[in-house]
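Residue-level listing of the chains:
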Amino acid sequence: VIAARAGALLLALLVLPLATPARLRLSAGSDPARLRVTLRLLGGHAPAIRVVDTFHPRRKTGPAAATRPRAVNPAARRGIGRRFPLRALLAFLRDLLSRITVRRIDGVLVCGAGDPAETGQIYGALVPLMVLSNGRFQMHPEFDRPVLAARLDLEISAIPVALLPACLRLVRARRRSA
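Residues numbered from 1 in each chain as written. Predicted model: local features only at pLDDT ≥ 70, side-chain atom pairs only at ≥ 80, totals over all residues. Heavy atoms only, no water.

Asker: Can you help me understand helix H4 (residues 116-132) in this one?
Answerer: Quick reminder: α-helices carry 3.6 residues per turn. Residues three or four places apart thus point the same way. Look at H4: 25 Å from first C-alpha to last across 17 residues, which is about the 24 Å you get at 1.5 Å a residue. The sharpest bend along H4 comes to roughly 35°, located at Leu 126, with the proline Pro 128 sitting one to four residues further on. (Helix = DSSP H or I, 4+ residues; strand = E, 2+ residues; numbered from the N terminus. Expected span 1.5 Å × (residues − 1). Bend = angle between axes of the 7 residues up to and from the residue.)

This is the structure in structure tokens:
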């Protein structure tokens, strides 16, 4: 009886993080270039797991800290093994976006292409993002000089099990094309 209860408890502990929403938070800035990505499981109630953090990089110690030239795989240099069918990739993005909830978006983008016409096209392409964020994402066009500076704070939520079919379809399409 105790073994059955322990097994059920272990199964619940393994399944619960996959069946409850996971929250991914991304904070990025361009002056200086910084990126922080944290993951919180169990609907955001679990402690944050730091995925990437250039705000506080970890120090390398020991012989691995020394910079040494990396071996280049000749197949990777030629692009072999990196091809995804475009149709499958677009379907994956569509499936992924349909299962992700944007919980919060805040940001500022200062963008200029140097040419006023190109800057206007970029601004026009990003207006839907500004509208969808209810004014929390702002863009300031610079028509007279080329510039790109940004700050973004984004939090999304998704149930990991719901993302599994889209990931499996992408892997299957990748295997067919290889």
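Asker: In this structure, what is going on with the nonpolar core? I would like to understand it.
Answerer: For soluble globular proteins, the rule of thumb is that nonpolar side chains tend to be buried together. Counting six residues, the largest nonpolar core consists of Phe 92, Leu 96, Ala 158, Leu 163, Ala 166 and Leu 170. Residue assignment for this core shows that the elements contributing at least two residues are helix H3 (86-98) and helix H5 (160-177). Looking at which element gives the most residues to this core, the answer is H5, with three residues. Ignoring any residue separated from it by four or fewer positions in sequence, one finds Ala 158 in contact with Thr 20, Pro 21, Ala 22, Arg 99, Ile 100 and Leu 163. Leu 109, Cys 111, Met 130 and Phe 137 belong to the second largest nonpolar core, which has five residues in total. (Core = buried A, V, L, I, M, F, W, Y, C linked by side-chain atoms within 4.5 Å. Buried < 20%, exposed > 50% of the residue type's maximum accessible area, 1.4 Å probe, protein only. Contact = heavy atoms within 4.5 Å.)

Asker: I would appreciate a short explanation of the pairing of strand E5 (residues 137-141) in the present structure.
Answerer: Consecutive residues of a regular strand have side chains that alternate between opposite faces of the sheet. Here five bridges tie strand E4 (residues 101-113) to E5, and the two strands are oriented parallel to one another. Each residue of the ladder has a partner; that of Val 110, found in E5, is His 140. (Pairing = 2+ DSSP bridges.)

Asker: Where do I start with unusual backbone geometry in this structure?
Answerer: Most of the time, phi is negative for any residue but glycine, and the peptide bond is trans. The residue Leu 42 is not glycine, and still its phi comes out positive at about 55°. By the element assignment, Leu 42 lies in the loop between strand E2 (33-40) and strand E3 (49-53). The partly exposed category is assigned to Leu 42, whose relative accessible area is 33%.

Asker: What's the story with the environment of Gln 138 in this structure? I'm lost.
Answerer: Along the polypeptide, Gln 138 turns up in strand E5. If we ignore the near neighbours within four places in the chain, the residues touching Gln 138 are Gly 107, Val 108, Leu 109 and Met 130.

Asker: How should the side chain of Ser 27 be read in this particular structure?
Answerer: Tracing the backbone shows Ser 27 in strand E1 (residues 22-30). According to the relative accessible area criterion, Ser 27 is buried, its value standing at 15%. Here the side chain of Ser 27 touches Asp 153 through a polar contact of 3.0 Å, side chain to side chain. When sequence neighbours within four positions are dropped, the list of residues in contact with Ser 27 reads Arg 34, Leu 35, Arg 36, Phe 55, Leu 152 and Asp 153. (Polar contact = N/O pair within 3.5 Å; in protein donor to acceptor, adjacent residues only side chain to side chain.)

Asker: Looking at this structure, how should I read the sheet that holds E1?
Answerer: In sheet architecture, strand pairing relies on hydrogen bonds along the backbone and comes in two forms, parallel and antiparallel. Pairing is mixed in the open sheet, where six strands are placed in the order E3-E2-E1-E6-E4-E5. Edge positions in the open sheet fall to E3 and E5, since each of these has one partner strand only. For this sheet, the mean inter-axis angle between neighbouring strands, taken without regard to orientation, is 10°. Seen against the sheet, H4 touches E4 and E5 and runs at an angle of roughly 170° to E5. (Axes fitted to C-alpha atoms, helices over the stretch in contact; angles between N-to-C directions.)

Asker: I keep staring at the packing of H3 against H5 and nothing clicks. Help me out?
Answerer: At a minimum axis separation of 9 Å, H3 and H5 run at an interaxial angle of 175°. Considered as vectors, H3 and H5 are oriented roughly antiparallel to each other. Of H5, the residues touching H3 (which contributes Ala 88, Leu 89, Phe 92, Asp 95 and Leu 96) are Leu 163, Ala 166, Cys 167, Arg 169, Leu 170 and Ala 173. In terms of residue class, the contact of H3 with H5 is made up of nine nonpolar, no polar and two charged. (Parallel < 35°, antiparallel > 145°, perpendicular 65-115°, else oblique. Nonpolar A, V, L, I, M, F, W, Y, C, P; charged D, E, K, R; others polar.)

Asker: Just to check I follow, could you spell out a nonpolar patch on the surface for this structure?
Answerer: Judged by side-chain polarity, Leu 24, Leu 35, Ile 49, Val 51 and Val 52 come together as a nonpolar surface patch covering roughly 350 Å² of accessible area. One can find Val 51 in strand E3. (Patch = residues over 30% accessible without salt bridge, like charges linked within 9 Å, V, L, I, M, F, W, Y side chains within 5 Å. Areas by Shrake-Rupley, 256 points an atom, 1.4 Å probe, with all protein chains shown as cover. Salt bridge = Lys/Arg side-chain N within 4 Å of Asp/Glu carboxyl O.)

Asker: How do you make sense of the pattern of salt bridges when you look at a structure like this?
Answerer: Between side chains of opposite charge, a pair can form as their charged atoms come close. What the rule picks out here adds up to 10 salt bridges. For Asp 53, the salt bridge goes to Arg 36, with nearest N and O atoms at 3.3 Å. Highlighted residues: Asp 53 in strand E3 and Arg 36 in strand E2, separated in sequence by 17 residues. The exposure class of Asp 53 is buried, given its relative accessible area of 14%. Between Glu 142 and Arg 145 there is a salt bridge whose closest N-O contact spans 3.6 Å. According to the relative accessible area criterion, Arg 145 is partly exposed, its value standing at 42%. Several salt bridges share partner residues, and in doing so they unite Arg 25, Arg 104, Asp 106, Arg 136 and Asp 153 into one network.

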